[in-house]
Amino acid sequence: MGTPQKWVLELGPGVKPGGVLRISSGDELFLKPCPGFAPLSLSPRCIGPSGARVDVLRVGRGMWWVVIGAAGPYRFFWDTPLETTRIDTATVLVDPVLQGPGEYPITVDSIVLLSHLTKCCGPVERWRGVFEPVVKTGYNMIHLTPVQQLGVSNSSYSLHSHHQLADSLGLNGKDYPSQLKEFSTALSSLKRELNLTFLTDVVWNHVSICNREILEHPEAYYNLHNTPNLIPAYLIDREISKFGASLKSREDLLDLNNFETNLRNYIRPLQAQLETLYSVPVPAPTSITPGDHSVDLQLEMRNLYSVDWKRGNTQSGTVCLERLRKRLADRSIIDAGAQDEILRSEVDKFNRHYVVGYVQEIVDSVVSAVRGTVDHRFVQEGGSKLEFPKFQLVDRYFHVSDCTIEEEAHLDVWRREDGERVKTCNGWTMGESTSDMSTTMAYTKRQVVSWGDSVKLRYGQNPGDNPWLWDYMKQYTCDMARLFEGLRIDNCHNTPLHVGVWMLERAREVNPQLYVMAELFTDSEERDCDVINAMGINSCIRELSQAHSFRHLGELVHHYGESKPCGSVENPGYGGMKELKGCRPRAMFMEQTHDNPCPFDQHPISNILALSGAMCAAKCAIGSNRGYDEMVPHHIHVVEEKRLYPCDGELSPTKCALIREHKRLETEGYSETFVDQVRDSVMVLTRHHPTTGEKYLFVVASHWSPAAGGRQQFSISLPGSDAKICLTATMNTDKKHYTESPQFINGYTGIKYNTVEISSLVQISHDNDVITLIFDLPPGSCVTVHLSPPTPAQEALGYYKRYILQGDFDKDIRERFSVLSLSDVNYLLYRCAEEERVDGCGGVYGVPGHGDLPYAGIAGFLSVLKDINTSHPFYRNITEGWWPVDYTLNRIKHLPIGQYLATVFGHLRDVPDYMRCKVFSDIIHRLYTEIRYHVGNVTRSYGDVIVSDGCHGNGWSEFELDLVMSSLQMLGRVGKCGVPAARNESGTKTLSMAAGLPHFSHGFMRCWGRDTFIALPGLLLACNRLEEAKDIVLGFARTLRYGLIPNLLSEGGERPRYNCRDAVWWWCRCVVLICEQDPSFSTAIVHRNFSPKDDTPLENECTILDCVQEVIKRHVAGISFTEERAGPELDEHLMYEGFLIQAGFHRDTGFVFGGSRHNCGTWMDKVGSSDMAGNRGIPATPRDGSAIELVGLSYLTLKWLNKQVGGYAALISQIEGNFEKCFWTGTHYKDTYGGVGDGQLRPNQCVTMAIAPELFSPDHLAIALREVGLKLAGPLGMRTLSPDDPSYRPYYDNNNRGSDWAVAHGFNYHQGPEWVWCMGFYLRARLEYERFTSGTIDPDWYHKVLSPHREYIKGNLYQGLPELTNEGGRFCEGSCPTQAWSTGCLLEFLTALKMCED
């Protein structure tokens, strides 16, 4: 049994993981909402294997722990506290660990099972002798067919009674309870003495036709009375039986074409009867509801027919017309003036065309099925070759007690007493299930392989529909679950799903570690998974001997017997928790099942070694059928066999060795597999250890057919230091002999297993750590080889296991990261291509066949390592050479961590090439995990240290930490960005903030004044980076000129551009926020680059407070200047009038104002550039006048200044007195006052709502927030214009070269596309409103709104939030994939929310 694992499962509505989510008993399971789902006021709930609630405990914000107890399915959903809403999510299947003596506990994959027919085991007193050879061969589980008393047919699955044990067991007890007690004692003794586990079948679908209990409960089986839609099927079945009785000899069957013609002629009268049965009765005259007569009545009737009548809902020999009449009336098909004759004519036409065609379809299916059955049973070579008429033509689908075929003709199938006499036989179908007999057409169309000795049971939808049957089967099921470690569900895919689920819930109540297996015959793996998840099936039986070729056998082993390919990458997960993902249904590989023909009828006996070798190489449970190892040359028939298994002898020494290898590989953790079809007749199956690199090769040469060819000579060369031949086996069948024993089931004698000299089958050649295996294999042979990796690889892998996986690597890197600055982390993790090139580096790492990674740092590799497989270009790239490692080490060699990692990778250089990606991924993920830990602790403003679940106390939640990590992308020391240092320093690159990556990463486009100070509170202040925030504020303060902060800086910093009027107010807000944390910052010294008097270049000093006062004074005086170097060289798109910059305080309102229709002075700064469309030089959104967010920002600044120095109260009062009457429209607040388009609904009002809610009337604010939420809020961002506005254009494309003035060259940049940063202020505005009105905060509402952001950041290769999206959150190609203010504004909001929560 392996080490218990920790798993984390993401849950969300509509998230249905593919395959099966599977863990083992003893593992731990944690839950968290998926990135696209916030649970509102919901909590995850769980229904356990027994149908009862399971405790789900919160262990942190957004994280829960499930109390795993019993094995079986755990169904998860989200539930409200009042349980009024349920959102189903996922099912996790917990595999049992079987407990017992000896080699126990054993896991599901280490089960080795051998099937036995119980009736052939004899009395329980002889079972020890029967099973001792089984134990010696290595099997650890015995599968017994039902131990109940069998019916008249002697079929192992047709039970006379579920509440009576078989007479063949030789029990002394006369009643059922005493039988159970006696049998339990005997079975327990065998388990203890032989170290065995036991499994039996449960038969829920049918009972024997002789079962007397069922006759007293006709409601418990399908008959013509309770399921009248089976009447057509019964009439067909009866008629075919009569036709078979009319035939005289086998000669009547040999000419199948003539046989088919005779059959069609014989059932022609029945065909006419079926047409009458399925016809719609011609209606009597009646009134029809008035309505639209233009509807196609024929189409309406066909639709109704397919839904209501096609399944045969019949009464009195005709299909009921009343439902059609009601439906037609409800739908108002015919108007009041229509004559009844019209309806009668339409019905007649429908009967003559559609119904006749439908019945013909049924007849064709029936004739085809009967012909195929007759061909297989009596005619074709390789068929059953039964004698006729000793055996009836076809098996009956229905059984009528005490009634001949002639007497059946007199039954009135519509009368209750006669209808209940006609019992429906159960059977087998491929694909279509017969679990719902009210809808299936399988019986009518003869698509069932009928078991004529068994009656199909009818449960209804719940125990209340048939209490006796449910209780009867519950007792039987629980009795078997107490006796046996496992249950096999007989006829599983035809078992009503709700019945199987309910019965297994009861079984797991009495046996919490119950193992369940089944054989499924659905038509898809997806449907298999639905059944597996619902019932909690641990293994699905897959029979290898049914492969139609040796290549197909390899495909089966590859598909079902592979867990993970050799060298596969499994991400370690955060905090030691692995992400739980869906996998294929787990197989129980069997060489032969007990209910299928003998494989020796299809293949030579010597092929047994190929099948056994392939099976034992698989990474799953395996099994066989008693008689296969003894080479019994015939099918041990579940019905006809009456002999006993022998009590002595040996099953197979070769199988014993193979099973031993299989179990050892499972125990020692050889969990990776590879299947190589070397030749048509040769397969090499590899089991690989994921950490030691050791391999076991199972080399099998098939003998698929007598003409399969001669010896197979070939060679395999592999890296390795040592090869050990573990097993070489052939089979000599020259002297095989078989004489059937009348008493015991026996196989061939005279067959010799040869463990031959190694040199005769395989030779080993060594050459410089390359081992060549030279094979000379006869057909039907098997060789197993243990291969050790080359000595250097062993040393490297030993280091990997001892130090990386099990040693102090995590602790050592945590210590080294503890001294890293966050700017060092930026360099180590991130930096896009242009950031690297500016500093003279070579750019990011490029992967052939994939392209460049998003970042040069190790976070860039995360984009390809997530869910990587062995066919990915990066996997191939690193397999070919350690180039990603060399690139990384060369890049970080100047960092102390770089030297350490160079030493680590130096020890790993000789790892086998196919394991390089695994090792590299392990190290990269561990590095990233520890960096996250370090960053989380350095940046937390308050609260406890973050622990492995991603959230603890007041620390960061996982999503918040994702945002914090995203903030690091933007803050680095990059050359030539033009940002002045806070102080006159030399030799050190200034910390600067990129507006976004990769679009705004370097040069004058890196640092935007407004972007920097919109994002700074979230990226720095919320992340405990106060000193760095001060430096950036001081650096920009040096550039203060004209009373403004520059929006753009030249590469050298000597030519800043003062073309915006909003950056300075965002800068002032940051000053205010910093001073709230550190009041002394107001006296910090600024080394000015420009004179405060005449704006000429001059170095002098002043304080931050002086700078803010200067801003106010210059605006009060009025700002008006033309930009230096105005003209096309400065901005080729702007008209000359647009270079005139104006700003000030309006004397009438007190509002800050500025701009003109010729320029854009705020963040909505798009200027047209299309000559074709005629928008060149025209601002799309001038926002001249008083922009609402600038009024709020200036008001905040004035209030702070008034506290510092006084003198601004009058201006503050003027703003307060005019705000509502100037901006309120009745539904929302104007975007600007006194400018172009001032009444538009835009999200900028949310800024002022968030930072200055006291300016607003609470009633108006509530109305405005509702309007903004309704009209502007998108999944990720806020619409920049209301959809009601004629200028609304929500799809941005900067490459649009069309002639549409509104969108050409992306003219609609801010005319509808949804900007993410605005969402932060919208949420903050709501939060402030709730705080200052009701005082009640609903955090879950906010987390729900942010659920798309969680999802986006997890899936974004750049690991951040985008600049903007198109309508409805749709991807925008022109958007920057990770943007500073998008992350910053959400971090600022979440910090505020956290304070409210606390």
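Residues numbered from 1 in each chain as written. Predicted model: local features only at pLDDT ≥ 70, side-chain atom pairs only at ≥ 80, totals over all residues. Heavy atoms only, no water.

1. Points about the overall build of the protein
Then comes step 1: Secondary structure summary: the protein contains 41 helices and 51 strands in total.
Then comes step 2: Looking at the protein as a whole, 61% of its 1398 residues qualify as buried.
Then comes step 3: Contacts in the protein between residues far apart in sequence, at least 24 positions, make up 72% of those at least 6 positions apart.
Then comes step 4: Accessible surface for the protein amounts to roughly 52,800 Å². Of this, 50% is attributable to carbon and sulfur atoms. (Helix = DSSP H or I, 4+ residues; strand = E, 2+ residues; numbered from the N terminus. Buried < 20%, exposed > 50% of the residue type's maximum accessible area, 1.4 Å probe, protein only. Contact = heavy atoms within 4.5 Å. Areas by Shrake-Rupley, 256 points an atom, 1.4 Å probe, with all protein chains shown as cover.)

2. Overview of the packing of helix α20 (residues 791-805) against helix α27 (residues 896-908)
Then comes step 1: Viewed as axis vectors pointing N to C, α20 and α27 meet at an angle of 130 degrees, and their least axial separation amounts to 7 Å. One element, α20, and the other, α27, form an angle in the oblique class. Contacts between α20 and α27 involve A796, Y799, Y800, Y803 and I804 on the former and, on the latter, Y900, V904, H907 and L908.
Then comes step 2: Taken together, the residues that form the contact of α20 with α27 break down as eight nonpolar, one polar and no charged. (Axes fitted to C-alpha atoms, helices over the stretch in contact; angles between N-to-C directions. Parallel < 35°, antiparallel > 145°, perpendicular 65-115°, else oblique. Nonpolar A, V, L, I, M, F, W, Y, C, P; charged D, E, K, R; others polar.)

3. Regarding the pattern of salt bridges
Then comes step 1: Under the criterion given, the structure shown has 79 salt bridges.
Then comes step 2: Salt-bridge contacts for R551 lead to D680; the nearest nitrogen and oxygen are separated by 3.0 Å. Here R551 is found in helix α16 (residues 550-561), whereas its partner D680 is found in the loop between β27 (672-679) and β28 (682-688), with 129 residues between them in sequence.
Then comes step 3: One salt bridge in this structure joins E668 and R664, with 3.3 Å as the shortest N-O distance. With E668 and R664 both in helix α18 (residues 653-668), this residue pair falls four residues apart, about one helical turn.
Then comes step 4: What makes E668 partly exposed here is its relative accessible area of 39%.
Then comes step 5: Here R664 falls in the partly exposed class, since its relative accessible area comes to 27%. (Salt bridge = Lys/Arg side-chain N within 4 Å of Asp/Glu carboxyl O.)

4. A short note on the environment of F1256
Then comes step 1: Note that F1256 resides in the loop between α36 (1245-1251) and α37 (1258-1271).
Then comes step 2: Apart from residues no more than four positions distant in its own chain, F1256 is found in contact with F1219, E1220, Y1229, Q1245, T1248, M1249 and L1261.

5. Observations concerning the sheet that holds strand β49 (residues 1314-1315)
Then comes step 1: Strand order across the open sheet formed by three strands is β48-β49-β50, with antiparallel pairing between neighbours. Strands at the two margins of the open sheet, each flanked by one partner only, are β48 (1278-1279) and β50 (1364-1365).
Then comes step 2: In terms of strand pairing, β48 meets β49 through two bridges, oriented antiparallel. The partner of R1279 across the bridge, within β49, is E1314. (Pairing = 2+ DSSP bridges.)

6. Brief notes about the nonpolar core
Then comes step 1: Core analysis: the biggest nonpolar cluster contains 191 residues, and F874, W1067 and W1317 have the highest contact counts within it.
Then comes step 2: The element best represented in this core is helix α32 (residues 1063-1077), accounting for twelve residues.
Then comes step 3: Not counting residues within four places of it along the chain, the set of residues in contact with W1067 comprises F1013, V1033, F1036, A1037, I1045, I1104, C1107, V1108 and V1111.
Then comes step 4: Y139, V455, A481 and L727 belong to the second largest nonpolar core, which has 119 residues in total. (Core = buried A, V, L, I, M, F, W, Y, C linked by side-chain atoms within 4.5 Å.)

7. Focus: helix α24 (residues 858-865)
What sets the pattern is the α-helix's 3.6 residues per turn: residues three or four places apart point alike.
Then comes step 1: Where burial is concerned, most of α24 is hidden: eight out of the eight residues are buried.
Then comes step 2: Every buried residue belonging to α24 is among I858, A859, G860, F861, L862, S863, V864 and L865, and all of these are buried.
Then comes step 3: Where α24 is buried, its residues touch α22 (822-829), α25 (873-880), α26 (883-891) and α28 (916-939).
Then comes step 4: Taken from the residues just after α24, D867 is the one with a positive phi, measuring 55 degrees.

8. A look at the pairing of β28
Side-chain direction in a regular strand flips from residue to residue, so the side chains alternate between the two faces of the sheet.
Then comes step 1: The element β28 is extensively covered by neighbouring structure, given that seven of its seven residues are classed as buried.
Then comes step 2: Of the two faces of β28, the one carrying V682, V684, T686 and H688 and the one carrying M683, L685 and R687 are both buried.
Then comes step 3: Judged from the six bridges that link them, β27 and β28 form a sheet pairing that is antiparallel. Its bridge partner lying in β28, D676 is registered against V684.
Then comes step 4: Hairpin connection of β27 to β28: two residues between the antiparallel strands.
Then comes step 5: Counting the residues between successive antiparallel strands, the hairpin from β28 to strand β29 (residues 695-701) contains six residues, one of them, G693, with a positive phi of roughly 75 degrees.

9. Notes on the confidence of the model for the protein
Then comes step 1: Looking at the protein, the pLDDT average stands at 87 and 89% of residues meet or exceed 70.
Then comes step 2: In this model residues 306-325 is a low-confidence stretch, pLDDT under 50, and it forms 50 contacts with partners more than four residues away in sequence or in other chains.
Then comes step 3: Note that residues 942-954 has pLDDT below 50 and, in this model, 41 contacts with residues that lie over four places away or in other chains. (pLDDT = per-residue confidence, 0-100.)

10. Observations regarding the side chain of D453
Then comes step 1: Within the secondary structure layout, D453 lies in strand β19 (residues 449-456).
Then comes step 2: For the buried D453, no salt bridge exists, and the shortest N-O distance to an oppositely charged side chain is 9.2 Å, to K119. (Lys, Arg positive; Asp, Glu negative; His and termini not counted.)

11. Brief notes about the sheet that holds strand β31 (residues 722-732)
Then comes step 1: Judged by pairing direction, the sheet is mixed, and its seven strands sit side by side in the order β23-β27-β28-β29-β35-β31-β32 without closing on themselves. The strands lining the two open edges of the sheet, one partner per strand, are β23 (564-565) and β32 (752-754).
Then comes step 2: Strand direction decides the pairing type here: β31 and β32, joined by three bridges, are antiparallel. Within the sheet, the bridge partner assigned to T730 lies in β32 and is N754.

12. Structural notes on unusual backbone geometry
Then comes step 1: The amide bond that connects F388 to the next residue, P389, takes the cis arrangement and shows omega of 10 degrees.
Then comes step 2: Summarising the element assignment, P389 is placed in the loop between α10 (340-379) and β17 (398-400).
Then comes step 3: Omega for the bond connecting L997 with P998 falls within 30 degrees of zero, at 0 degrees, which places this linkage in the cis form.
Then comes step 4: One non-glycine residue, N154, lies in the positive phi region at around 70 degrees.
Then comes step 5: On the basis of relative accessible area, N154 is assigned to the partly exposed category, the value being 22%.
Then comes step 6: Residue R1125 is not a glycine yet carries a positive backbone phi of 60 degrees.
Then comes step 7: If you trace the backbone, R1125 turns up in the loop between β43 (1119-1122) and β44 (1140-1145).

13. Topic: helix α41 (residues 1380-1397)
Then comes step 1: Across its 18 residues, α41 extends 26 Å between first and last C-alpha, which sits within 8% of the 26 Å expected from 1.5 Å per residue.
Then comes step 2: Within α41, 15 of the 18 residues are buried, which leaves the element mostly enclosed by the surrounding structure. (Expected span 1.5 Å × (residues − 1).)

14. Some remarks on the packing of aromatic side chains
Aromatic ring pairs: the centre-centre distance and the angle between the two ring planes describe each pair.
Then comes step 1: As enumerated under the stated definition, the model contains 58 aromatic pairs in all.
Then comes step 2: For the pair F714 and F775, a centre-to-centre distance of 5.0 Å together with 20 degrees between the ring planes defines the contact as stacked. Taken together, the positions of F714 in strand β30 (residues 712-719) and F775 in strand β34 (residues 770-777) put the pair 61 residues apart, joining distant regions of the chain. F775 carries the same exposure label as F714, and that label is buried.
Then comes step 3: Ring geometry for F874 and F920: centres 5.9 Å apart, planes at 40 degrees, overall tilted. One end of the pair, F874, is in helix α25; the other, F920, is in helix α28, with 46 residues separating them in the sequence.
Then comes step 4: The class of F920 is buried, set by a relative accessible area of 1%.
Then comes step 5: Ring pairing ties together the aromatic residues W1066, W1163, Y1292, Y1309, W1315, W1317, F1321 and W1381, which thus form one cluster.
Then comes step 6: Positioned over the ring face of Y900 is R816, at 3.9 Å from the centre of the ring. (Phe/Tyr/Trp six-rings, centres within 6.5 Å; stacked < 30°, edge-to-face > 60°. Lys NZ or Arg CZ within 6 Å of the ring centre and 35° of its normal.)

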